Amino acid sequence: MRRRPRHDPAGIFTGPTAAIAVILGAVALVLLYAPIAGLAVLSFSARPLTGIPWPLTLDWYTDLFTGEDARWIGPLVTSIGIGLLVSFLATAAALAIGRVMPLIRRRGGLLVAYLSVLVLPGILVGIAVLFFYRGLLDFRTGFWSVVLVHFVWALPFALLCILIVTVRFDHRLLEAATDLGANKIRQFIDIELPLLNPGITASAFFSFLLSFNELPRTLYTRGGITTLPYYIWTASASHSSAVSLIYALSAIIMVASFVIVLIATRVLMRSR
Amino acid sequence: MSVASTSLDSPAAAAAARPGVRRRPLRPSVDRAALVVLTALWAIGVLLPILSLVVISVLQGRGLSFLWTVSLQPYADILVSYRIEPVLRTLRIVVVITALEFVLGFPFALWLAKGLREGWTKSILIVLLIVPFFLSPAARTIVWRPILGREGLVNILLTSTNLTAEPLDWLLFTEFAIHLGLIGPYFPSMVLPIFISVSLIDDELIKASRDLGATPMQTLRTVVLPLAMPGIAAGVVFTAVPMLGDNIASTLLGGGQVSMIAEGFDDLIRAMNYPAAAALGTTLLVAFAFLALCIRFVLKRLGTGFDIFEGMKG
Amino acid sequence: MAGKIIRRAGTLTRRSFGKGLAVAGAGAVVTPAILRGGLKRAHAQEGTIRMMGGPTVALEDWSLFEEQTGLKMEFTPFHVDDVGALYNEILVNEAGERFDLINTLAGVQKNLVEQGMVAELDTSKLENYDAIADTIKRSPVLYVGDDKDWSVPLYYNSDSFGYFPEKLGLPRPPEPLDWDLLLNSEQTLGQTALDGDNIALMIGGMYLKSRGLAEIGDPANMTASEVETAADFLIERKNAGQFRALWRTYDEQVANFVNGEVLVQRCWEPAVKEVQAQGLDVEYATCSDFHINWMHSTFIPVQAAERDNVDNIYRALDWFLGGGYAAELAVLRGYVGSRMDLALDYAQEKGWSEEDIAKIQANIEKVETKFSNPDYWIGGAPDDLAAHDAQMARFRNA
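It should be emphasised that the depicted structure is a prediction, and the values quoted were computed from it without experimental measurement. (Residues numbered from 1 in each chain as written. Chains lettered and ligands numbered in written order. Predicted model: local features only at pLDDT ≥ 70, side-chain atom pairs only at ≥ 80, totals over all residues.)

Visitor: Any chance you could break down the overall build of chain B for me, citing the residues and the numbers?
Guide: Regarding its fold elements, chain B presents 14 helices and two strands. Looking at chain B as a whole, 46% of its 314 residues qualify as buried. The contacts of chain B with a sequence gap of at least 6 include a subset with a gap of at least 24, amounting to 72%. (Helix = DSSP H or I, 4+ residues; strand = E, 2+ residues; numbered from the N terminus. Buried ≥ 20, exposed ≤ 12 C-beta atoms within 10 Å, placed from the backbone. Contact = placed C-beta atoms within 7 Å.)

In structure tokens:
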């Protein structure tokens, strides 16, 4: 450790403990990526459902971009769009709630009020929203209801991400800033936002991902909207080649998301 | 690097400071107004519809037509052993896996945040933790089958090396398979929040602890752990809660031999027995509320304020 | 020190945060526009037929449809096996306003007829309808009992199970087997798989009924006590270790065969085709005791019947009853179309290969052999759905 101070500035890790940490993580990562690697290999198989990689083929990939089978692009755009919107709304709301919550007296109860929705299975949340808005108030379900249920799913997580940083935020900094004559907006932009930023980034990311992959809540509230998970769910019910296409589609999404997220991470880190 | 001035606060000091917090002058009322408005909207727009499930759960009906007569039949429908057992089984599995994820994930998150220099390795590891969220859970779970199956990879390896004479049957369609299938997908949801909260701990703080003669273990216990508590709490919620509703592992790896909550809900809803589904949901809510109260009571007796607001700056 | 750190934090993150915010903001503005564009397409232009249905309805593409009818097809696949979601789509989401034709597992639509969601068919507008056999048109899954026609049969099949004839030392079809092999056999103990939904109970009911072991009226629509009897039987077999797994999806069926999980499996015929193509020696059984008959049918939603493109809708519907669709489908999936006579004409007229024509003829024979059994039609939605569901939960948890 002494040899490489930058490597381990904190001094929590000695050689053996670092090795243990890496091994534990590696075990989990192997369990996580073994089936994903299998999925990627099988996407080149002529018959992916059989679990046997050969004979190899690129047919599924070309099929994905031709004719009827190319219909996943619309749902993909829909899912990304809803994901971004939900990410923005949930993060904004979580920020508004999370930066005040640690300061008030009944914060425990308030936190429970926001987190309690997590206990219910997603499909039931969908049903509840459907009954209340469609059954009782007679609103047509559609884009707004999908955004609503995704928001309900994402907000508790977004709030937790924000709370991780806000509970440690030192409000004396703001008092100091006031003393130095900074106005509220400057205080927010110059002091709070930068300090809360890791939480905000995490919240935006998590909200997007939660929305992007959401299926059970969407099922009953989707109106005419087709999201990507819904599209895949439908395709997996078919008795035909559409099921095999899911492998290739997953592989493409995997590579694309890897590249995009890696670039995003590098950009964020570079800026430090 | 975030909160520089937390420098020498030990948790003990923080706890001591807490009861007598100087109530700071209230932040501008705009902030409060935003909180009140959002909470009101949340209560009316989200909590109210969800509470309407309680009403639905005492009605009779099929599909969308309800008879407006109160009946406890839905509760009778679900309070039977074959509905309750899957609930208990699910809770057990969720507790075990969440604990396991913590054991696997906490040291790793700590190392990722504090033991690894920024660079490509770190970026790639973080990205590897994020990418799985984009993938269809069903597609990547079913791939376990050619791995764990009777004539799958593992069994081929075991029998060809003569480690076992017969292929192992219990690798698939058992609780073992479900546990194995859950560990991977829920690992990132445990690691990422802990990683964020540990990253936020100022290196200077840890160095100071070391310079004062603390062993790494002591530093971990008295400095890192308390400050990482919000992240740990978030990690546990991120991991356990979605896992409760996971219907992929139980369906694809349990092969109908291990039934869990999510399938029960799916089936009740597929059968359009909404009152019973609502009753099961209500029961779950009540059980959780009860559990939360119990934990609160126990913690109060023990005199620890073990919540995520711990370590907060008064 | 604190000040320095804060300043550093300030420069590092404001920039990246701003970036993130801009992206999210742009997304928020752009999305509704994209989505609205997507929704607008729902109001189709002249000559387009919008159909919702199981993915198996679709051929490889719709070029044949477009060529033969001069109409455009906009097909939206739907998870038709999930009856709850389907009812929700039609009753709550008013699919009728967005679709001209709705395909369901036949039987499911009977409730919708009662609810007034289905338009009565004007069969005079369907050239190919009259000649469909009465056993089909008046089958329990289509006929509501009011002497009216509501839903058009697209195709049907009779299901059984797949098995490894070599490994088991059993004959190949059409030599008949029976369901003992799947449900009640020492030879296949622990090596069979069954549906993970209500159909398992129906199979149990059919088994008990065909052997006179229990008084069961209609195995596809059992009463609460009947369904309990069927579940008791299945639970007894499950506890005896008969079943290796229960499946939910198509890919599970294929995986079970390929990974050596089962010797016998209740499955869909395309799953057997899939593993045969992989070189596995699996056959789809012909049975002496019973088959599970099912049908996919299509109706015109009431909302669509009032639209001005109703003539086009009938033209499209009639196409599904024609020879081209039935012939293509027989080769593609092995399902039986409503008018196999027209299919044979079509294939001969087009000069199809002998191999393909043989497939069509095999289908005609299949109707004569497999459908000669007592009519065990399954209709997706038994009246006492709650009892079926409860017993299924009990079976799964046993």
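Next comes the rest of the account.
Visitor: Which residues make up the interface of chain B and chain C, and what values go with them?
Guide: Contacts between chain B and chain C engage 33 residues on the former and 32 residues on the latter. The set of elements that each furnish at least two residues to the side of chain B that touches chain C consists of α4 (81-114), α7 (144-148), α12 (248-252) and α13 (261-270) of chain B. Looking at the side of chain B that touches chain C, the element that brings in the most residues is α13 of chain B, giving five residues. For the side of chain B that touches chain C, the per-class residue count stands at 13 nonpolar, 12 polar and eight charged. (Nonpolar A, V, L, I, M, F, W, Y, C, P; charged D, E, K, R; others polar.)

Visitor: Explain the interface of chain B and chain A to me, and be specific about the residues and the numbers.
Guide: Of the residues lining the interface, 95 residues belong to chain B; the matching set on chain A comes to 92 residues. When residues of the side of chain B that touches chain A are assigned to their parent elements, the largest contribution, 14 residues, is made by helix α2 (residues 29-56) of chain B. Looking at side-chain class alone, the side of chain B that touches chain A contains 62 nonpolar, 18 polar and 15 charged residues.

Visitor: Break down the sheet that holds strand β9 (residues 283-284) of chain C for me, citing the residues and quoting the values.
Guide: All names here are of chain C. Ordered in space as β7-β6-β8-β5-β9, the five strands form an open sheet in which the pairing is mixed. The outermost strands of the open sheet, each flanked by one partner alone, are β7 (243-247) and β9. As defined by bridge partners, strand β5 (residues 161-163) adjoins strand β8 (residues 264-266) across three bridges and the pair is classed as antiparallel. If you follow F161 over to β8, its bridge partner there is R266. (Pairing = 2+ DSSP bridges.)

Visitor: An account of unusual backbone geometry is needed here, citing residue identities and associated values.
Guide: Positive phi, close to 65°, is recorded for F173 of chain B, a residue that is not glycine. The topology assignment puts F173 of chain B in the loop between α8 (153-160) and α9 (175-199). When the 27 C-beta atoms within 10 Å are taken as the criterion, F173 of chain B is described as buried. The residue D147 of chain C is not glycine, and still its phi comes out positive at about 65°. Tracing the backbone shows D147 of chain C in the loop between α5 (134-137) and β4 (152-159). Among the residues examined, D147 of chain C registers 7 C-beta atoms within 10 Å and is labelled exposed.

Visitor: How would you summarise the sheet that holds strand β1 (residues 48-53) of chain C if you had to cite specific residues and measurements?
Guide: Residues and elements named next belong to chain C. Taken together, six strands build an open sheet; the order of strands is β2-β1-β3-β10-β4-β11 and the sheet is mixed. A strand with exactly one partner marks an edge of an open sheet, and here the two such strands are β2 (72-77) and β11 (336-337). Here β4 runs beside β11; their pairing, made up of two bridges, is antiparallel. Within the sheet, the bridge partner assigned to Y155 lies in β11 and is G337.

Visitor: So, the nonpolar core: which residues are in play, and what are the values?
Guide: Counting 292 residues, the largest nonpolar core has I127, L155, A158 and I162 of chain A together with A109 and A277 of chain B as the members making the most contacts within it. At 19 residues, helix α6 (residues 143-166) of chain A tops the list of elements feeding residues into this core. (Core = buried A, V, L, I, M, F, W, Y, C linked by C-beta atoms within 7 Å.)

Visitor: If you had to explain the environment of Y61 of chain A to someone new, which residues and values would you point to?
Guide: Residues and elements named next belong to chain A. Tracing the chain through its elements places Y61 in helix α2 (residues 59-64). With 15 C-beta atoms packed within 10 Å, Y61 lands in the partly exposed category. Y61 sits 188 residues away from L249 along the chain, and the two C-alpha atoms are 7.7 Å apart.

Visitor: With reference to specific residues and values, describe α9 of chain B.
Guide: Residues and elements named next belong to chain B. Taking 1.5 Å per residue as the helical rise, α9 with its 25 residues ought to reach 36 Å, and the 36 Å between its terminal C-alpha atoms agrees with that figure. Its maximal kink placed at Y186, α9 deviates by approximately 40°, while the proline P188 follows within four residues. Of all 25 residues making up α9, 20 are buried, and the element is well covered by its neighbours. (Expected span 1.5 Å × (residues − 1). Bend = angle between axes of the 7 residues up to and from the residue.)

Visitor: Let's hear about the environment of L268 of chain B: which residues, and what values?
Guide: The residue L268 of chain B is located in helix α13 in this model. A count of 29 C-beta atoms within 10 Å places L268 of chain B in the buried class. Counting along the chain gives 197 residues from L268 of chain B to S71 of chain B, while the straight-line C-alpha distance between them is 17 Å. Ignoring any residue separated from it by four or fewer positions in sequence, one finds L268 of chain B in contact with N273, A276, A277 and L280 of chain B together with D389 of chain C.

Visitor: Account for the environment of A76 of chain B, naming residues and giving values.
Guide: All names here are of chain B. Mapped onto the fold, A76 is located in helix α3 (residues 73-78). What makes A76 exposed here is the crowd of 11 C-beta atoms within 10 Å. Separated by 209 residues in sequence, A76 and L285 have C-alpha atoms that sit 17 Å apart.

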